[in-house]
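# Architecture at a glance
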Amino acid sequence: MSDTDIRKELQALLPADTPKSFLDLWVYWYSIRYGKVLPDVADFDPMRITRLLPDISVFERRKPDELIYRLAGTAIAERMGHDPTGENLVDLTDPARHTFVTDLFTGIIETPAGAFVRYENTYASGRKAMVQSFFLPMVGPKKEAGAGTSQGFLQRVLSIHHMEAAKEYESERQRTTVGSDIDKTVWIDIGQGVPKNG
């Protein structure tokens, strides 16, 4: 399949205002699958997508409620008011959305499937804005014995994010709250179907 066909395949599923960068990441992710269901994180070369890196994050799912930022691009850190690398996404998420986030990552990893989500963040600066995110699973490195994740490999999720224009401003706060509201979720079938609740 050509890059144009791969791009069109995703474009048909996502909202019309989806950023071009999401399609670019999809084409790149697709290119490093090498005929497998999932690409290996060892084949992920950030230097091939340098233009996208400020808005890229990579998560490691250690447990359903432990979703660690392994990498957070500079634009993400700037928006959030700090670099979340090493932090648990669940701890930064609105408590009312914890189940949504853990179910989302469970679906991405265990189906496996891609996912597009549009949601609201309330930033440390007080800015409230909608964010679009696109998530794609990858096979991480082989884990050490007893590390506790399924199938002997660490679970990684590659993602890209786009913040829309600010909706409003509140007073500054201690930290950013992710997912204060969820607007839309679109599951992307990568050959293994989509989660049953999707």
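Structure: above.
Described below are features of the structure shown in this document.

Reading the values: rules and limits
Residues numbered from 1 in each chain as written. Predicted model: local features only at pLDDT ≥ 70, side-chain atom pairs only at ≥ 80, totals over all residues. Heavy atoms only, no water. Helix = DSSP H or I, 4+ residues; strand = E, 2+ residues; numbered from the N terminus. Rg over C-alpha atoms; globule rule 2.2 N^0.38 Å. Contact = heavy atoms within 4.5 Å. Areas by Shrake-Rupley, 256 points an atom, 1.4 Å probe, with all protein chains shown as cover. Lys, Arg positive; Asp, Glu negative; His and termini not counted. Charge placed at Lys NZ, Arg CZ, Asp CG, Glu CD. Buried < 20%, exposed > 50% of the residue type's maximum accessible area, 1.4 Å probe, protein only. Pairing = 2+ DSSP bridges. Core = buried A, V, L, I, M, F, W, Y, C linked by side-chain atoms within 4.5 Å.

## Topic: the overall build of the chain
Along the backbone of the chain there are five helices and six strands. For the chain, the α and β elements follow one another from N to C terminus as α-α-β-β-α-α-α-β-β-β-β. Relative to its length of 198 residues, the chain is compact, with a C-alpha radius of gyration of 16 Å against a globular reference of 16 Å. Along the first, second and third principal axes, the C-alpha set of the chain runs to 50 × 45 × 35 Å. Counting contacts in the chain only where the partners sit at least 6 residues apart, residues at least 24 apart contribute 61% of the total. Carbon and sulfur atoms form 49% of the exposed surface of the chain, whose accessible area is close to 9600 Å². The chain carries 24 positive and 28 negative side-chain charges, and their two centres are separated by 3 Å.

## Digging into the pairing of strand E1 (residues 56–63)
A large share of E1 lies buried, amounting to six of its eight residues. As paired strands, E1 and strand E2 (residues 66–72) are joined by six bridges and run antiparallel to one another. Paired with Val58 across the two strands is Leu71, which belongs to E2.

## Topic: the nonpolar core
Counting 27 residues, the largest nonpolar core has Trp26, Trp29, Phe44, Phe134 and Leu158 as the members making the most contacts within it. Of the residues forming this core, the biggest block, seven residues, is contributed by helix H2 (residues 20–31). Excluding anything up to four places from it in sequence, Trp26 contacts Ile6, Arg7, Glu9, Leu10, Phe134, Leu136, Ile188 and Ile190. Among the nonpolar cores identified, the runner-up in size contains 26 residues, and Met80, Leu89, Ala113 and Met163 belong to it.

This is a description of form; function is not addressed.
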